[in-house]
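Structure at a glance
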Amino acid sequence: MRPLAGTAEAPPVSGQSRRLKCNWNLARKPVWRFPVQKNRRNKTVSSWLNLEGTLYSNVVQEVVDFEKLDESTAAFQGHDVGFCCLGTSRAKAGADGFVRVDRDYVEHAAKLAKAGGCHHFILESSKGADSSSRFLYLKTKGEVENRIKALGFDRVSIFRPALLLCDRQESRPGEWMARKALGVVAHFFPTYMSIPVTTVARAMVNIAVTPAKDGQKVEVLENAAIHALGQPK
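Residues numbered from 1 in each chain as written. Predicted model: local features only at pLDDT ≥ 70, side-chain atom pairs only at ≥ 80, totals over all residues. Heavy atoms only, no water.

1. A closer look at the pairing of strand E8 (residues 218-221)
Side-chain alternation along E8 places Glu219 and Leu221 on a buried face and Val218 and Val220 on a face that remains uncovered. As judged from the 4 bridges shared by strand E5 (residues 155-159) and E8, these two strands associate in the parallel manner. What sits directly across from Phe159, in E8, is Leu221. (Buried < 20%, exposed > 50% of the residue type's maximum accessible area, 1.4 Å probe, protein only. Helix = DSSP H or I, 4+ residues; strand = E, 2+ residues; numbered from the N terminus. Pairing = 2+ DSSP bridges.)

What follows is the structure in structure tokens.
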């Protein structure tokens, strides 16, 4: 099995579960291919994840241009499973840039993965994703979910985590305050409004090696289900 680990670093892209998923994925034996683009700080996966040592001998990093993704179709060929945690924020990219990254980039990468033989596409979306929402963030997440489902993968797994609990390298004061407040809530209601990124990463890897239930083609995992699937075994 050669899964496509589509945890891409594209400008202007952020996302903490990508970093942790790399570590979870690399513990597996199959070949993991990371199509990445240098971000605004001119960094790729290898810049923030040490790829030295035998643990990473099964890693291939492909540098691509997400504005010219058709020129890198080879990076998306010959894989069974695709992971996508691509995303940015409206504050960093503006409204148009946010939609381009979180919807259009994701859809384009998924199309190339499907054309390249990918059977199972695993997408990190968001709690409350709804294509009819009045809020740009939730509307965009809902739209990309619908577009991925329409591509005809044998199996699509959509993850809708709540607020991700993590230590970001970048500064997002609003999220920092929310995480501090929700950390208290999470102590009493751990599956309600937040989830550790380690749990999301573990759950996404676990679902890749778990057969679909009764031939189910599309599965949507809300926050509580992600918690359950992502527990250490």
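2. Describing the environment of Ser157
With respect to the element layout, Ser157 can be found in strand E5. For Ser157, a relative accessible area of 0% gives the class buried. For the pair Ser157 and Phe121, spaced 36 residues apart in sequence, the C-alpha separation works out to 6.3 Å. Once residues within four sequence positions are removed from consideration, Ser157 is found in contact with His120, Phe121, Ile122, Leu123, Ile207 and Glu219. Within the structure, Ser157 has its side chain in polar contact with the side chain of Glu219 (distance 2.5 Å). (Contact = heavy atoms within 4.5 Å. Polar contact = N/O pair within 3.5 Å; in protein donor to acceptor, adjacent residues only side chain to side chain.)

3. Describing the packing of helix H3 (residues 90-115) against helix H4 (residues 136-149)
Where H3 contacts H4, the two axes come as close as 9 Å, and the packing angle between them is 10 degrees. The orientation of H3 relative to H4 falls into the category roughly parallel. Facing H3, whose interface residues are Arg90, Ala95, Phe98, Val99, Asp102, Arg103, Asp104, Val106, Glu107 and Ala110, H4 presents Leu136, Tyr137, Thr140, Lys141, Glu143, Val144, Arg147 and Ile148. For the contact of H3 with H4, the class distribution of residues is 9 nonpolar, 1 polar and 8 charged. (Axes fitted to C-alpha atoms, helices over the stretch in contact; angles between N-to-C directions. Parallel < 35°, antiparallel > 145°, perpendicular 65-115°, else oblique. Nonpolar A, V, L, I, M, F, W, Y, C, P; charged D, E, K, R; others polar.)

4. Side note on the environment of Lys127
Relative to the helices and strands, Lys127 is located in the loop between strand E4 (120-124) and H4. Classification of Lys127 by relative accessible area gives partly exposed; the value is 41%. In this structure the C-alpha to C-alpha distance between Lys127 and Ser194, which are 67 residues apart in sequence, comes to 9.7 Å.

5. What about the pattern of salt bridges?
Inspection of the entire model under this criterion finds 11 salt bridges. Arg100 is the salt-bridge partner of Glu67, the closest N and O atoms lying 2.9 Å from each other. Separated by 33 residues along the polypeptide, Glu67 in the loop between strand E2 (59-63) and strand E3 (81-84) and Arg100 in helix H3 bring together distant segments of the chain. Within this structure, Arg103, Asp104, Glu107, Lys111, Lys139, Glu143 and Arg147 form a network of salt bridges that share partners. (Salt bridge = Lys/Arg side-chain N within 4 Å of Asp/Glu carboxyl O.)

6. Concerning the environment of Ala129
Within the fold, Ala129 resides in the loop between E4 and H4. Judged by its relative accessible area of 10%, Ala129 falls in the buried class. A C-alpha to C-alpha distance of 7.5 Å links Ala129 and Arg160, two positions 31 residues apart in sequence. Those residues in contact with Ala129 that sit more than four places away from it in its chain are Leu138, Lys141, Gly142, Glu145 and Arg160.

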